[in-house]
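Working through the structure, step by step
This is what each chain is made of:
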Amino acid sequence: GENVEQHPSTLSVQEGDSAVIKCTYSDSASNYFPWYKQELGKRPQLIIDIRSNVGEKKDQRIAVTLNKTAKHFSLHITETQPEDSAVYFCAASKPPGSARQLTFGSGTQLTVLP
Amino acid sequence: ETGVTQSPTHLIKTRGQQVTLRCSSQSGHNTVSWYQQALGQGPQFIFQYYREEENGRGNFPPRFSGLQFPNYSSELNVNALELDDSALYLCASRLGGARETQYFGPGTRLLVL
């Protein structure tokens, strides 16, 4: 089955700096890659996603890049703010016809220092 | 907020008991998945229901079972609870078909003593 590895497990940055979180996946059939932000005691919230027919996607301060050949994708947060502090999870899923289960990485605790 | 709700928010059970967790999907979403999130880990896929039938299961034993109802609400049942079942249980709904985006509920925190 699919295996998603995520690095780093913890990341501390100064407010205003950029943060990068990287994930690799094992199943070349995976074609959908969402990123979720989970604050303490709350639900995972989708912040951005990318499909395998696209190499990069941006939404204001957040961007995701995908390298299908290398089977890795990354989350980039620019101009970080204290409210960006949370656990971030990457995930991967396969096309319709399967259960479309999300396989998650192990998470990155991002701390933005004021 | 996603429009996905879960109940109860917290639950304490003892080993060997049975538990039922409930999820109300976002309106129009005919597909629901359940995930188990142990402390400090990413969510793990338990199973998915589409139009009231299970159509995918992760690496969980048969004592984890579910139901989906015509109004797209769903249940997760766990029999013979074990200490390791202590976790946050999340349901996620989506429109189904080719639409991938899953919207999570707030979760039920289960503690097994």
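See the structure above.
Nothing here was measured: the structure is a model prediction, and the numbers come from that model.

Some details on the pairing of strand β5 (residues 44-50) of chain B
Residues and elements named next belong to chain B.
- Counting buried residues in β5 gives five out of seven residues, a clear majority hidden from the surface.
- Bridging between strand β4 (residues 31-37) and β5 involves six bridges; their strand directions are antiparallel. Note that in β5 the partner of W34 across the bridge is F47.
- Hairpin remark: β5 followed by strand β6 (residues 53-57), antiparallel, with two residues in the connecting loop; positive phi at R51, about 45°.

Observations regarding the sheet that holds strand β3 (residues 19-25) of chain A
All names here are of chain A.
- Ordered by their spatial adjacency, five strands build an open sheet running β1-β3-β8-β7-β6, and the pairing between neighbours is antiparallel. In this open sheet, the two strands that pair with only one neighbour each are β1 (4-7) and β6 (56-59). Sheet twist, expressed as the mean angle between neighbouring strand axes with direction ignored, is 15°.
- In this structure, strand β7 (residues 62-67) lies alongside strand β8 (residues 72-77), joined through six bridges in antiparallel fashion. By the bridge assignment for β8, L66 is matched with F73.

Some words on the pattern of salt bridges
Residue and element names in this part refer to chain A.
- This structure, assessed with the given rule, holds nine salt bridges over all chains.
- For R51, the salt bridge identified is with D49, shortest N-O distance 3.8 Å.
- Its relative accessible area of 6% is what places D49 among the buried residues.
- Between R61 and D84 there is a salt bridge; the shortest N-O distance is 2.9 Å. Here R61 is found in the loop between β6 and β7, whereas its partner D84 is found in the loop between β8 and β9 (86-92), with 23 residues between them in sequence.
- Using a relative accessible area of 21% as the deciding quantity, one classes R61 as partly exposed.
- Judged by its relative accessible area of 7%, D84 falls in the buried class.

Parameters and conventions
Residues numbered from 1 in each chain as written. Chains lettered and ligands numbered in written order. Predicted model: local features only at pLDDT ≥ 70, side-chain atom pairs only at ≥ 80, totals over all residues. Heavy atoms only, no water. Buried < 20%, exposed > 50% of the residue type's maximum accessible area, 1.4 Å probe, protein only. Helix = DSSP H or I, 4+ residues; strand = E, 2+ residues; numbered from the N terminus. Pairing = 2+ DSSP bridges. Axes fitted to C-alpha atoms, helices over the stretch in contact; angles between N-to-C directions. Salt bridge = Lys/Arg side-chain N within 4 Å of Asp/Glu carboxyl O.

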